[in-house]
Structure formats: C-alpha cells, structure tokens
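Listed below, chain by chain, are the residues.
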Amino acid sequence: MVGLVAYWLMKSEPDVFGYEDLVRVKREGWDGVRNYQARNFIRQMSKGDLAIFYHSNATPPGAAGICRIVSRPEPDPTQFDPTSKYYDPKSTAAEPRWDWVVVAPKKRLNFVPLDTLREIPELVDCRLLAKGNRLSVMPLTDAEFDAIVDAGS
DNA sequence: GCCAACGTTGGC
DNA sequence: GCCAACGTTGGC
C-alpha cells in the first residue's frame, strides 16, 4: 500500500540557496529552521512528500520549483556546531531541538511570482498569503499544491 | 503569567 | 533601507 503524499511549501532566500542551487547539488539538508511551528511541520514530513520551493526575500518572491523530501526528519546538525550561525547552545544530542529533512529537486517551475500566486482562487486561504505571515515551512492542501504547480507548468 | 523590549522575517 | 508583523526573552 502506498502511503499518502503530503504537500508542503518551504521558503528559502535565493541569494543564500535557491532552487537552481538545489538542482546543482541534487540533495540538501534543509537547515536553519529555528521556529517551533515550522519545526513541528518538518517533524510531520515523510519521505516522498512533495514541497513547493519558494523564494523569499527575492525580487520578486515566488514559487521556483518542486522538491521531494528524501529523508525522514532528523536532527539538524548545525544546531550542534558552534561555528554555525544556526548553533543552539541549548540543544543536546540526547534532546535535539531542531530537525531538518533532506530535499532533492523534482521539477523546475516556470517561476510563479507572488503577485500571480495572490490571484489564484485556490490560494485565498493559504497561509503563505496571509498578512504578516512569516512561517518558513507550511503544509499545503492538495488543491493548493496543484494550483501552484499548474500556474508554473 | 504578563508584557515591554528586542530580534527576525519578508514584502515593498 | 523601511517597517509591519510576529516570535522570543527576561524582568517582575
């Protein structure tokens, strides 16, 4: 029996790591999530889930591609690294606070800018478009995911 | 437990 | 660079 695939949206700043970087490196641990709500969503991810790779803090911001979750959630190693900007001294190996998943590129989208996303009826209730939204990892419904993919295909 | 101060996110 | 929105921290 095939498990259900869940859909997500994950934000990254393309100046730091964009979809083309993921295409180039093929796999990347999604490090640096230091928000509990986002962390909890990461912990709900399963291998095989799909995510919209969203470019935040960009000109323009928008959906750049589809990626696949290729690992289970596991401790984000940067939390243990004192030289990392994501180092968390309160995190221990026994009780890691922060998880990541490894992602791989699935399909490049024709870039869907935020302005266009706002015009998609299926996305009216999407948290991405809510005022003041800062969540960097969020679930999408099937309809939301499909609508974004359609807009970029 | 409240809340002010502060830091971060992210669109513009 | 600005600033609104939000999360976290820490004094009380």
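Residues numbered from 1 in each chain as written. Chains lettered and ligands numbered in written order. Predicted model: local features only at pLDDT ≥ 70, side-chain atom pairs only at ≥ 80, totals over all residues. Heavy atoms only, no water.

Visitor: If you had to explain the protein's contact with DNA strand B to someone new, which residues and values would you point to?
Guide: All residues in the neighbourhood of DNA strand B are listed as K11, Y54, S56, N57, P61, L114, R118, N133, R134 and L135. N57 places a main-chain nitrogen or oxygen 3.0 Å from a phosphate oxygen of DNA strand B. A per-class count over the surface near DNA strand B returns four nonpolar, three polar and three charged. (Near = heavy atom within 4 Å. Polar contact = N/O pair within 3.5 Å; in protein donor to acceptor, adjacent residues only side chain to side chain. Nonpolar A, V, L, I, M, F, W, Y, C, P; charged D, E, K, R; others polar.)

Visitor: Lay out the sheet that holds strand β1 (residues 7–12) with the relevant residues and their values.
Guide: The six strands are arranged β2-β7-β4-β3-β1-β8 in an open sheet whose pairing can be described as mixed. Of all the strands in the sheet, the pair left with one neighbour each is β2 (28–29) and β8 (137–140). Across seven bridges, the pairing between strand β4 (residues 62–69) and strand β7 (residues 102–113) is antiparallel. Each bridged residue has a counterpart across the sheet, and for G65 the counterpart in β7 is R108. (Pairing = 2+ DSSP bridges. Helix = DSSP H or I, 4+ residues; strand = E, 2+ residues; numbered from the N terminus.)

Visitor: Describe the protein's contact with DNA strand C, naming the residues involved and giving the relevant values.
Guide: Lining the immediate environment of DNA strand C, one finds N35, Y36, Q37, K131, G132 and R134. By atom count, sugar and phosphate contribute 61% of the portion of DNA strand C lying within 4 Å of the protein. At 2.9 Å, a side-chain N or O of K131 approaches a phosphate oxygen of DNA strand C. Looking at the surface near DNA strand C, its residues break down into one nonpolar, three polar and two charged.

Visitor: I'd love a proper account of the pattern of salt bridges, names of residues and values included.
Guide: Scanning all chains against the criterion turns up five salt bridges. In this structure, R34 engages D76 in a salt bridge whose closest nitrogen and oxygen atoms are separated by 3.0 Å. Of this pair, R34 sits in the loop between β2 and α3 (36–43) while D76 sits in the loop between β5 (74–75) and β6 (99–100), placing them 42 residues apart in sequence. By relative accessible area, which is 26% here, R34 ends up partly exposed. According to the relative accessible area criterion, D76 is buried, its value standing at 0%. With its nearest N and O atoms 3.4 Å apart, the salt bridge here joins R43 to D99. Taken together, the positions of R43 in helix α3 and D99 in strand β6 put the pair 56 residues apart, joining distant regions of the chain. Note on R43: relative accessible area 37%, which makes it partly exposed. For D99, a relative accessible area of 8% puts it in the buried group. (Salt bridge = Lys/Arg side-chain N within 4 Å of Asp/Glu carboxyl O. Buried < 20%, exposed > 50% of the residue type's maximum accessible area, 1.4 Å probe, protein only.)

Visitor: Describe the packing of aromatic side chains, and please don't skip the residues or the numbers.
Guide: Under the defined criterion, the tally for this structure stands at six aromatic pairs. With a centroid separation of 6.1 Å and an interplanar angle of 55 degrees, the aromatic rings of W8 and F41 are classed as tilted. Separated by 33 residues along the polypeptide, W8 in strand β1 and F41 in helix α3 bring together distant segments of the chain. Accessibility classification places W8 together with F41 in one group, the buried group. Considering the side-chain rings of Y36 and W98, the 4.7 Å spacing of their centres and the 35 degrees angle between planes classify their relative orientation as tilted. Linking Y36 in helix α3 with W98 in the loop between β5 and β6, this pair joins segments that are 62 residues apart in sequence. For Y36, a relative accessible area of 41% gives the class partly exposed. Linked through ring pairs, F17, Y19, W30 and F53 together constitute an aromatic cluster. (Phe/Tyr/Trp six-rings, centres within 6.5 Å; stacked < 30°, edge-to-face > 60°.)

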